[in-house]
Every structure is written in structure tokens, then in C-alpha cells.
Amino acid sequence: MNYREKLKDCKRIVVKVGTTSLTYENGRFNLKKIDRLSKMLTDLTNKGIETVLVSSGAIAIGAEKLGLERPRDIVGKQAASAVGQALLMQMYEKFFSEYNQKVAQILLTKPVFDAEIKRRNALNTINKLLEMGVIPIVNENDTISTDEFNEFSDNDTLSSYVAALIKSDLLVILSDIDGMYTGDPNKDSNVEMIDTVPKITDEIYSLAGGSSSRLGTGGMITKVKAADYLGKKNVSMVIASGDNPDVVYDILEGRKIGTLFVGGNIG
Ligand code: GLU
């Protein structure tokens, strides 16, 4: 079965970008990538595909602005995110308005998804924004979240909850890794990228290991968990490189990009 072909029918997608896809190693904005991302998402919206962006970057950008290394303590992260989130939205507003695209900020926490009324409010707001042609830009409300019990602490998980909530057809995770490999590509040159994961098995979990980068949070394991969660909610997921956000076009044209985790909607 050609699962990739079915991605051509996507009408509603969530795109998640990690910190490393938005910033340089020093934590400053990568303007070229933010511009390409804003243009691509606007273009898809113009085409009639409803798009939601889940964006990280608040902590790294806030820390850079404050002249700090990325904080490790919870309150340091919360403070940095409070500075960085405003800068992040200012940057998105600037680039999206270049393309005449309206955007909105949505900050969520895990308890929102567990509380029926709040969850419904979030859903209704996102649906209304999409209906009005606005691109919602979602992040975790880091200021009132902690890395402790009952919070997301990484945007892979948050983006999977958002994609399931709004019954998205697809979640695309744009990352500093271009897909899932049969081993660690940094350590072994013989490993291959897995094109399609029709079903998440124990083997897939054990392959996921523990990759992570200096600026962002999460690794392959959080992505596999996100795909596992989404698969059960009938949503597919692709992990692809965030180097050039235009890969989202290729994914939606059914091309073999990154790793596709097949959800019930196309399986
Ligand atoms: N919410 C965090 C931020 O904006 C990102 C979490 C993550 O890297 O997944 O910095």
C-alpha cells in the first residue's frame, strides 16, 4: 500500500518546529528559516490547507536576550520563556505579515487537555481561527508549567495532543534529525533511514534510543511516543529535517521525505 500517496488528501495539518530549526547554536534567530517557514505555511493556507504551527524557541531566545546560557532550573526556564515568547511572536508577526497572513498566539498546558471545558474552549478557538484564515501558533505556557509531573515539557508531546484535539490529518515534526534511523547516524555510518512505520512495535521503541540536542528538548523517544499516541487517534505523523521547511510541500505531494508513521486515517 502506498501510504505516502494518501498524504496528498490532507486538509488540516499541524507543523511542529523545534528550537534548533529556528535558532542558531548561539540561540539567536535563524531568520532565513523563519522566513521560509512563514512563507510555506502562508502558501499552504492560501491553497486551502488549514495549518497550525506548534513552535518552540521561547526559552532559547529568551535566554539569549538575557545574555544567559540555556537555564537548567525550572524557574530560570520559566523566566527565559516569558521573555522569549514575546520575541518569538514578534518575529512571527513580522514575517507572516510580509505575506499578508494573520497569526494568533495560543499557549496551552497539559491540564487544559484533561479538563473538558478548557479543552473545548481551546478547540473552539483554534477552529474559529482556522475558519477565519488565521494561523494559530501554539506553544506550551512555560511560565506556569514545570518539568515535573503532569506537564508536557517538550513540544513533540504538545504537538501530538494539539493534532489529535483538532482532528488534524497529519502532524509534521520539523527537527534537527531528518527521520528515524535503524541506529544512531552520528555513531554508525551503516544505519538507514526508516521510510515508513506502519505500526509502532517494541522494536521501534527500542530503536528510538535517547537522542537530544543542546538547545531543544525531547529526542526520538518523545517523537515515537507522539506517533504512538496519534496513531491511536487516527492521525499520521512525519519526522523530517527542519533545515528547509519547504519539505512540507514535498510531504504533501506524497514524496518520500523523512519517516512516516502511519495513523489510522491512512492505514
Ligand atoms: N516550550 C519550550 C520553548 O518554547 C520548548 C520545549 C521543546 O523544546 O520541546 O522553549
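Residues numbered from 1 in each chain as written. Predicted model: local features only at pLDDT ≥ 70, side-chain atom pairs only at ≥ 80, totals over all residues. Heavy atoms only, no water.

Trainee: What is the right way to read the overall build of the chain from this model?
Mentor: Helix and strand content of the chain: 10 helices and eight strands. For the chain, the C-alpha radius of gyration of 17 Å lies close to 18 Å, the compact-globule estimate for 267 residues. With the C-alpha coordinates of the chain rotated into their principal frame, the extents come out at 50 × 45 × 40 Å. Looking at the chain residue by residue over its 267 residues, the buried ones come to 54%. Looking at the chain as shown, the accessible area adds up to about 12,600 Å², and 48% of this sits on carbon and sulfur atoms. Taking the 33 positively charged and 35 negatively charged side chains of the chain as two groups, their mean positions are separated by 4 Å. (Helix = DSSP H or I, 4+ residues; strand = E, 2+ residues; numbered from the N terminus. Rg over C-alpha atoms; globule rule 2.2 N^0.38 Å. Buried < 20%, exposed > 50% of the residue type's maximum accessible area, 1.4 Å probe, protein only. Areas by Shrake-Rupley, 256 points an atom, 1.4 Å probe, with all protein chains shown as cover. Lys, Arg positive; Asp, Glu negative; His and termini not counted. Charge placed at Lys NZ, Arg CZ, Asp CG, Glu CD.)

Trainee: What is the right way to look at the site of the ligand in this model?
Mentor: Neighbouring residues of the ligand: 11 residues in total, closest Ala 58, Ile 59, Asn 139, Asp 142 and Asn 155. At 3.3 Å from an oxygen atom of the ligand is found a main-chain nitrogen or oxygen belonging to Gly 57. Between Ala 58 and the ligand, the recorded distance is 3.0 Å, taken from a backbone N or O atom to an oxygen atom. Residues that form the shell around the ligand fall into these classes: two nonpolar, seven polar and two charged. (Near = heavy atom within 4 Å. Polar contact = N/O pair within 3.5 Å; in protein donor to acceptor, adjacent residues only side chain to side chain. Nonpolar A, V, L, I, M, F, W, Y, C, P; charged D, E, K, R; others polar.)

Trainee: Even after reading the chapter, I still don't get the packing of aromatic side chains, so can you show me in this structure?
Mentor: Within this structure, the stated rule accounts for five aromatic pairs. Summarising the aromatic geometry, the rings of Tyr 92 and Phe 96 are spaced 6.0 Å apart at their centres and angled 45 degrees between planes, so their arrangement reads as tilted. Here Tyr 92 and its partner Phe 96 are both found in helix α4 (residues 74–98), four residues apart, which amounts to about one turn of the helix. A single burial state applies to Tyr 92 and to Phe 96, both of which are buried. Here the aromatic cluster, defined as three or more aromatic residues joined through ring pairs, consists of Phe 113, Phe 152, Tyr 161 and Tyr 229. Taking NZ or CZ as reference, Lys 94 lies 5.9 Å from the ring centre of Phe 95, over its face. (Phe/Tyr/Trp six-rings, centres within 6.5 Å; stacked < 30°, edge-to-face > 60°. Lys NZ or Arg CZ within 6 Å of the ring centre and 35° of its normal.)

Trainee: Explanation requested: the pattern of salt bridges in the structure shown.
Mentor: Close approach of charged atoms allows side chains of opposite charge to pair. Counting across every chain of the model gives 12 salt bridges. Among the salt bridges present, the one from Arg 120 reaches Glu 116, with a minimum N-O distance of 3.4 Å. Taken as a pair, Arg 120 and Glu 116 lie in helix α6 (residues 116–131) at a separation of four residues, close to a single helical turn. Between Asp 156 and Lys 223 there is a salt bridge whose closest N-O contact spans 3.0 Å. Highlighted residues: Asp 156 in helix α7 (residues 155–165) and Lys 223 in helix α9 (residues 220–232), separated in sequence by 67 residues. (Salt bridge = Lys/Arg side-chain N within 4 Å of Asp/Glu carboxyl O.)

Trainee: Even after reading the chapter, I still don't get the confidence of the model for the chain, so can you show me in this structure?
Mentor: Interpretation of this model should avoid reading the predicted coordinates in detail wherever pLDDT is low. Considering every residue of the chain, the mean pLDDT works out to 92; 94% of them sit at 70 or more. Note on residues 210–217: pLDDT is under 50 here. Beyond four places in sequence and across chains, it has 20 contacts. (pLDDT = per-residue confidence, 0-100. Contact = heavy atoms within 4.5 Å.)

Trainee: Any chance you could explain the nonpolar core here in plain terms?
Mentor: Nonpolar side chains tend toward joint burial in soluble globular proteins. Leu 108, Phe 113, Met 237 and Phe 261 are the most contacted members of the largest nonpolar core, which totals 42 residues. Residue contributions to this core peak at six residues, all from α7. Core analysis: the second largest hydrophobic core is formed by 39 residues, Phe 29, Ile 135, Ile 251 and Leu 260 among them. (Core = buried A, V, L, I, M, F, W, Y, C linked by side-chain atoms within 4.5 Å.)

Trainee: Help me understand α4 in this model?
Mentor: A turn of α-helix holds 3.6 residues, and therefore any two residues three or four places apart point the same way. With 25 residues, α4 should reach 36 Å at 1.5 Å per residue; the first-to-last C-alpha distance of 36 Å fits that figure. The axis of α4 is deflected most strongly, by about 25 degrees, at Gly 84. Positioned one or two residues after α4, Asn 100 has a phi angle of 65 degrees, which is positive. (Expected span 1.5 Å × (residues − 1). Bend = angle between axes of the 7 residues up to and from the residue.)

Trainee: Which parts of the structure should I look at to understand the environment of Ile 204?
Mentor: Residue position: Ile 204 is located in helix α8 (residues 202–208). Here Ile 204 falls in the buried class, since its relative accessible area comes to 9%. Sequence-wise, Ile 204 and Gly 179 are 25 residues apart; in three dimensions their C-alpha atoms are separated by 13 Å. Sequence-distant contacts of Ile 204, defined by excluding residues within four places in its chain, comprise Met 180, Ile 194, Val 197, Lys 199 and Val 224.

Trainee: Whenever I open this one, the packing of helix α2 (residues 31–47) against α4 confuses me. Can you help?
Mentor: The packing of two helices is summarised by the inter-axis angle and the distance between the axes. Contact pair α2 / α4: the axes reach a minimum separation of 9 Å and the direction vectors enclose 55 degrees. When the interaxial angle is binned, α2 and α4 end up oblique. Between α2 and α4 the crossing geometry is right-handed. Mapping the contact onto sequence places Leu 31, Ile 34, Asp 35, Leu 37, Ser 38, Leu 41 and Thr 42 in α2 and Met 91, Tyr 92, Phe 95 and Phe 96 in α4. Classifying every residue of the contact of α2 with α4 by side-chain character gives eight nonpolar, two polar and one charged. (Axes fitted to C-alpha atoms, helices over the stretch in contact; angles between N-to-C directions. Parallel < 35°, antiparallel > 145°, perpendicular 65-115°, else oblique. Left-handed = near helix turned anticlockwise from the far one by under 90°.)

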